Amino acid sequence: MEGLKDAQRIPEIGAKAFASGKPLLVWKAGNSEAGARAVASHTANLSGSAALYRAAFRQAGAVEVSDVAELADYAKAFLPGRLPSGNRVAVVTTSGGAGIVMAAHYSLAG
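Quick caveat: nothing in here was measured; it's all calculated off a predicted structure.

Engineer: How would you sum up the overall build of the protein chain? Please name residues and give values.
Structural biologist: Assigned secondary structure in the protein chain consists of 5 helices and 2 strands. Long-range pairs, those at least 24 residues apart, make up 68% of the contacts in the protein chain with a sequence separation of at least 6. Carbon and sulfur atoms provide 59% of the accessible area of the protein chain, an area that totals close to 7,900 Å².

The following block contains the structure:
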């Protein structure tokens, strides 16, 4: 996503996706100041504040990804056709440090 003319529709779009049993994965371009300028010049849409988009994504139940590899990983995770429920995440890793980073990430995100 580069930008939206009506960003207030994000929660509505998320609700429709959730109701149809489909996850909403979002890769937002233009999160830096330079990126926002590039989006505006490319699409004539205002990119807006990254923090505001993140809040809207969270409200919509969207999963925000940061690169193409993460997008592919989430897409694979959702292939079984069912959305996870609840607010718990299991972390399986061979590195204690990686587990700590993931635990911190999910506790801040949730």
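Engineer: Break down the environment of Glu64 for me, with residues and values.
Structural biologist: Locating Glu64 in the fold gives a position in strand β2 (residues 63–65). Judged by relative accessible area, which is 24%, Glu64 ranks as partly exposed. Considered as a pair, Glu64 and Arg54 are 10 residues apart in the sequence and their alpha carbons are 7.7 Å apart. Here Arg54 takes part through its side chain, which lies 3.2 Å from a polar atom of the side chain of Glu64.

Engineer: Account for the packing of aromatic side chains, naming residues and giving values.
Structural biologist: What the rule picks out here adds up to 1 aromatic pair. Ring centres 6.5 Å apart and planes at 20° place the aromatic pair Tyr74 and Phe78 in the stacked group.

Engineer: Describe in detail the nonpolar core, supporting the description with residues and values.
Structural biologist: Residues Ile10, Val26, Tyr53, Ala56, Phe57, Ala60 and Ala62 constitute the largest nonpolar core, which totals 7 residues. Top contributing element to this core by residue count: helix α3 (residues 50–60), with 4 residues.

Conventions adopted
Residues numbered from 1 in each chain as written. Predicted model: local features only at pLDDT ≥ 70, side-chain atom pairs only at ≥ 80, totals over all residues. Heavy atoms only, no water. Helix = DSSP H or I, 4+ residues; strand = E, 2+ residues; numbered from the N terminus. Contact = heavy atoms within 4.5 Å. Areas by Shrake-Rupley, 256 points an atom, 1.4 Å probe, with all protein chains shown as cover. Buried < 20%, exposed > 50% of the residue type's maximum accessible area, 1.4 Å probe, protein only. Polar contact = N/O pair within 3.5 Å; in protein donor to acceptor, adjacent residues only side chain to side chain. Phe/Tyr/Trp six-rings, centres within 6.5 Å; stacked < 30°, edge-to-face > 60°. Core = buried A, V, L, I, M, F, W, Y, C linked by side-chain atoms within 4.5 Å.

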